[in-house]
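Below, each chain spelled out in residue letters.
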Amino acid sequence: MKYYSTNKSAPEVSLAQAVIEGLAPDRGLYMPERIAQMSDDFFARMPEMSFQEIAHEVAEAFFGEDIPAETLREIVFEALNFETPVVPVAEPIYSLELFHGPTLAFKDVGARFMARMLGYFIRQRGDDKPVTVLVATSGDTGSAVANGFLGVKGIEVVVLYPKGKVSEIQESQFTTLGQNITALEVDGTFDDCQRLVKSAFLDDDLKQRMNLSSANSINVARFLPQAFYYFNAYAQLQRQGLAEQVVVCVPSGNFGNLTAGLFAKRMGLPVKRFIAANNSNDVFFEYLQTGIYTPRPSIATLANAMDVGDPSNFVRILDLYGHSHDAILTEIGGAWYSDENIRHTVKKTYEKTGYLLDPHGACGYRALVDGLRPGETGVFLETAHPAKFAETVETIIGQPVEIPEKLRRFMEGTKQSIEMGADFAGFKAYLMSR
Ligand SMILES: *Cc1c(COP(=O)(O)O)cnc(C)c1O
């Protein structure tokens with residue numbers, strides 16, 4: 001299958017090229033030229049299938065032409081070796097818990113899948129220039145990518161993060177791993193980290209010396225696999241006889257997660273409509289209201305993984321709906337919540353139902369409370385475990401949050417990082433000397 005750029009002024013490429021390059025040369029995002037329909041037979045069998053089995057059939061539809069069947073099966077079964085359960089919070093509202101992977105956040109799904117797919121394409125290419133994946137992180141992406149790529153042969157990962165600006169829990173998740181993962185503690189901001197990565201991609205000496213790759217959420221190998229768990233959620237609702245009028249609410253930042261859900265719907269998944277839930281960074285909500293998209297600098301909030309002022313996947317949504325605002329409105333609604341609303345929602349939901357939301361999931365849950373119509377069943381994506389935001393959540397509910405074993409083990413590890421200035425010359429010298 002070919003992949004085209006949303007900017008339509010770059011050549012179409014193979015899956016391998018789209019995954020290795022990440023961004024198209026015209027700065028557009030890659031899209032598959034076709035979106036296959038899943039068969040009626042598949043939907044009929046779905047309630048009896050495991051997450052891995054469902055994911056495998058959906059993966060065949062996307063990637064089956066480009067990856068040998070046995071390899072694709074291995075990638076799926078190795079990457080997705082954890083559950084994504086749907087649990088009731090306050091009927092008819094359900095939480096799709098995407099935090100049962102190694103770093104307790106949904107990004108594990110895409111990162112683990114992409115690591116294995118990129119590893120496969122690199123081995124296929126057969127040149128022996130080392131491959132270095134560069135990733136700038138403000139916290140959560142670094143941990144998912146580092147853990148996703150941990151131990152994958154032929155790929156080195158360098159995580160750049162702003163010194164003193166990520167939480168201790170987050171830092172422990174990418175600085176304690178060792179093996180093929182190196183953490184650079186940059187004396188600067190997240191924007192400095194991103195600038196260093198961007199400059200590296202443009203540098204001829206570095207390009208000569210190594211294959212540089214990125215693992216951000218615009219990569220098709222990271223965002224498309226996120227479609228898998230929408231099918232798995234639906235299968236669980238089918239089993240319980242709740243699959244009529246399903247509304248899915250997605251706490252959104254860069255909108256990769258929501259876009260994957262829209263792909264699932266195009267493939268035939270009978271979702272009635274989607275709701276995009278935002279924090280105070282409400283450019284998408286404003287677009288829905290007015291038809292006008294005005295990107296702006298992000299604002300810091302309690303749901304910080306959604307602090308995005310110019311969501312990168314917005315262009316994919318426009319492309320999917322032929323740039324029609326009306327078409328988008330028929331399938332996607334929106335809502336946004338201030339920090340005050342997030343605090344209130346986490347506290348009240350915990351008191352009333354015993355379910356502890358994280359600040360991102362709180363936006364999703366609240367949008368269903370406010371927006372669900374009679375007869376509908378609502379599912380929101382619980383994108384991270386509340387313990388990842390323990391400080392915030394403990395302050396809100398006035399009680400300690402139980403830290404899962406997986407997270408505790410990271411925190412007990414020994415931090416290893418290399419301190420680095422925010423100037424490109426130093427960063428380049430470091431990469432050249434590796
Ligand atoms: C990344 C992230 C989001 C936002 O997901 P997008 O795909 O960028 O919209 C929401 N919640 C958490 C916890 C995240 O880490």
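Quick caveat, the model's predicted, so the values are computed rather than measured. Per-chain numbering applies: the sequence of each chain, read as written, is numbered from 1 onward. With the structure being a predicted model, the display of local features is reserved for residues of pLDDT at least 70 and the display and counting of side-chain atom pairs for 80 or more, all residues being used for whole-chain, interface and lining totals. As a rule here, side-chain values come from all non-hydrogen atoms in the structure, and water together with hydrogens is ignored.

Can you explain the overall build of the protein chain? Please cite residues and give values.
Counting from the N terminus, the helices are the DSSP runs of H or I reaching at least four residues and the strands are the DSSP runs of E reaching at least two. Summing up its helical and strand segments, the protein chain has 20 helices and 13 strands in all. A radius of gyration in this sense is built from C-alpha atoms; the matching globule rule multiplies 2.2 Å by the number of residues raised to 0.38. Taking 2.2 N^0.38 as the reference for a compact globule, 434 residues should give roughly 22 Å; the C-alpha atoms of the protein chain span a radius of gyration of 21 Å, in line with that estimate. Dimensions of the protein chain, computed from C-alpha atoms along their principal axes, come out at roughly 60 × 50 × 40 Å. The classification of residues rests on relative accessible area computed with a 1.4 Å probe and restricted to protein chains. Under 20% of the type maximum is buried, over 50% is exposed, and intermediate values are partly exposed. Counting all 434 residues of the protein chain, 58% fall into the buried class. Across the protein chain, the 40 positively charged side chains and the 54 negatively charged ones have centroids separated by 1 Å. Positive charges come from Lys and Arg, negative ones from Asp and Glu, while His and the chain ends are left out of the count. Here the site of a charge means atom NZ of a Lys, CZ of an Arg, CG of an Asp or CD of a Glu.

I'd like to hear about the pattern of salt bridges, residue by residue, with values.
What makes a salt bridge here is a side-chain nitrogen of Lys or Arg within 4 Å of a carboxyl oxygen of Asp or Glu, nothing more. Following the criterion strictly, the structure yields 25 salt bridges and no others. Between Glu-65 and Arg-34 there is a salt bridge, and its shortest N-O distance comes to 3.2 Å. With a gap of 31 residues between them, Glu-65 in the loop between α3 (51-63) and α4 (69-79) and Arg-34 in the loop between β2 (30-32) and α2 (40-45) connect regions that are remote in the sequence. Using a relative accessible area of 53% as the deciding quantity, one classes Glu-65 as exposed. Accessibility expressed as a relative area gives 42% for Arg-34, which makes it partly exposed. Close ionic contact of Asp-370 with Arg-366 constitutes a salt bridge, the shortest N to O distance being 3.2 Å. Remark: Arg-366 and Asp-370 occur in helix α17 (residues 359-371); sequence separation between them is four residues, near one turn of the helix. Beyond isolated ion pairs, a larger network of salt bridges with shared partners links Lys-163, Glu-171, Glu-185, Lys-415 and Glu-419.

Summarise the sheet that holds strand β7 (residues 181-186); cite the residues concerned and give the values.
Two strands are counted as paired when DSSP detects at least two bridges linking them. In space, the five strands of this open sheet follow the order β8-β5-β6-β7-β13, with parallel pairing throughout. Looking at strand neighbours, the two that pair on one side only are β8 (211-214) and β13 (418-420), the edges of this open sheet. This sheet shows a mean twist of 30° between the axes of neighbouring strands, independent of strand direction. Of the pairings in the sheet, the one linking strand β5 (residues 131-136) to strand β6 (residues 155-162) comprises six bridges and is parallel in character. Across the sheet, the residue bridging to Leu-134 is Val-158, located in β6. Whether two residues touch is decided by their heavy atoms; if any such pair falls within 4.5 Å, the residues are in contact. Only the contacting stretch of a helix is used when fitting its axis, a line to C-alpha atoms as for every element, and angles between N-to-C directions run 0 to 180 degrees. Running at roughly 165° to β6, helix α6 (residues 140-149) makes contact with β5, β6 and β7 of the sheet.

I'd like to hear about the site of the ligand, residue by residue, with values.
Near the ligand you find 15 residues, and of these Lys-107, Gly-253, Asn-254, Phe-255 and Thr-383 are the closest. Polar contacts, as used here, are pairs of N or O atoms within 3.5 Å; protein pairs need one atom able to donate a hydrogen and one able to accept it. Residues neighboring in sequence count only if both atoms are side-chain atoms. Within the side chain of Lys-107, an N or O atom sits 2.5 Å from an oxygen atom of the ligand. Residue Asn-254 places a main-chain N or O atom 2.8 Å away from an oxygen atom belonging to the ligand. Computed on the free molecule, the ligand has an accessible area of 390 Å², of which 96% lies beneath the protein chains in the complex. Any residue with a heavy atom lying within 4 Å of a molecule or strand is counted as near it. Accessible surface area values rest on a Shrake-Rupley calculation with a 1.4 Å probe, where residue burial reflects the displayed protein chains alone.

Report on the packing of α3 against helix α11 (residues 228-239), specifying residues and quantitative values.
Orientation of α3 relative to α11, taken along the N-to-C sense of each, is 130°, at an axis distance of 9 Å. One element, α3, and the other, α11, form an angle in the oblique class. Between α3 and α11 the crossing geometry is right-handed. On α11, the residues touching Phe-51, Ile-54, Ala-55, Val-58 and Ala-59 of α3 are Phe-228, Tyr-229, Phe-231, Asn-232 and Ala-235. In terms of residue class, the contact of α3 with α11 is built from nine nonpolar, one polar and no charged. Note on terminology: angles under 35 degrees are roughly parallel, angles over 145 are roughly antiparallel, angles of 65 to 115 are roughly perpendicular, and the others are oblique. The crossing is said to be left-handed when, going from far helix to near helix, the turn is anticlockwise and less than a right angle, and right-handed when the turn is clockwise. The classification used treats Ala, Val, Leu, Ile, Met, Phe, Trp, Tyr, Cys and Pro as nonpolar, Asp, Glu, Lys and Arg as charged, and all other residues, Gly among them, as polar.

Describe helix α13 (residues 283-290), and please don't skip the residues or the numbers.
Those residues of α13 not exposed but buried are Val-283, Phe-284, Phe-285, Tyr-287 and Leu-288. Packed against the buried residues of α13 are β10 (271-278), α14 (314-320), α15 (325-331) and β11 (332-336). Of the residues trailing α13, Gly-291 is marked for its positive phi of about 80°.

Could you give an account of the pairing of β7, naming the residues involved and the relevant values?
Of all six residues in β7, six are buried; the element is thus mostly enclosed. Residues of β7 alternate between two faces, with Ile-181, Ala-183 and Glu-185 on one and Thr-182, Leu-184 and Val-186 on the opposite face, all of them buried. Strand direction decides the pairing type here: β6 and β7, joined by six bridges, are parallel. Bridging from a neighbouring strand, Pro-162 pairs with Val-186 of β7. Since β6 and β7 lie parallel, the crossover through helix α7 (residues 168-175) that links them has a hand, and here it is right-handed. With three bridges joining them, β7 and β13 adopt parallel strand pairing. Its bridge partner being in β13, Val-186 is matched across the sheet by Met-420. Orient the strands so they point away from the viewer; a crossover is then right-handed if the path from the first strand over the helix to the second runs clockwise.

Kindly report on the environment of Lys-415, identifying the contributing residues and their values.
Within the secondary structure layout, Lys-415 lies in the loop between α19 (405-412) and β13. For the pair formed by Lys-415 and Met-117, sequence separation is 298 residues and the distance between their alpha carbons is 29 Å. Once residues lying within four places of it in the same chain are set aside, the contact partners of Lys-415 are Tyr-161, Glu-171, Thr-175, Thr-176 and Glu-185. Here the side chain of Lys-415 touches Glu-171 through a polar contact of 2.9 Å, side chain to side chain.

Kindly report on the state of the cysteines, identifying the contributing residues and their values.
Throughout, disulfides are identified as pairs of cysteine sulfur atoms within 2.5 Å of each other. In this structure the tally under the stated criterion is zero disulfides. No disulfide involves Cys-249; its sulfur sits 8.8 Å from the nearest other cysteine sulfur, which is in Cys-363. Exposure remark for Cys-249: the relative accessible area of 0% places this residue in the buried category.

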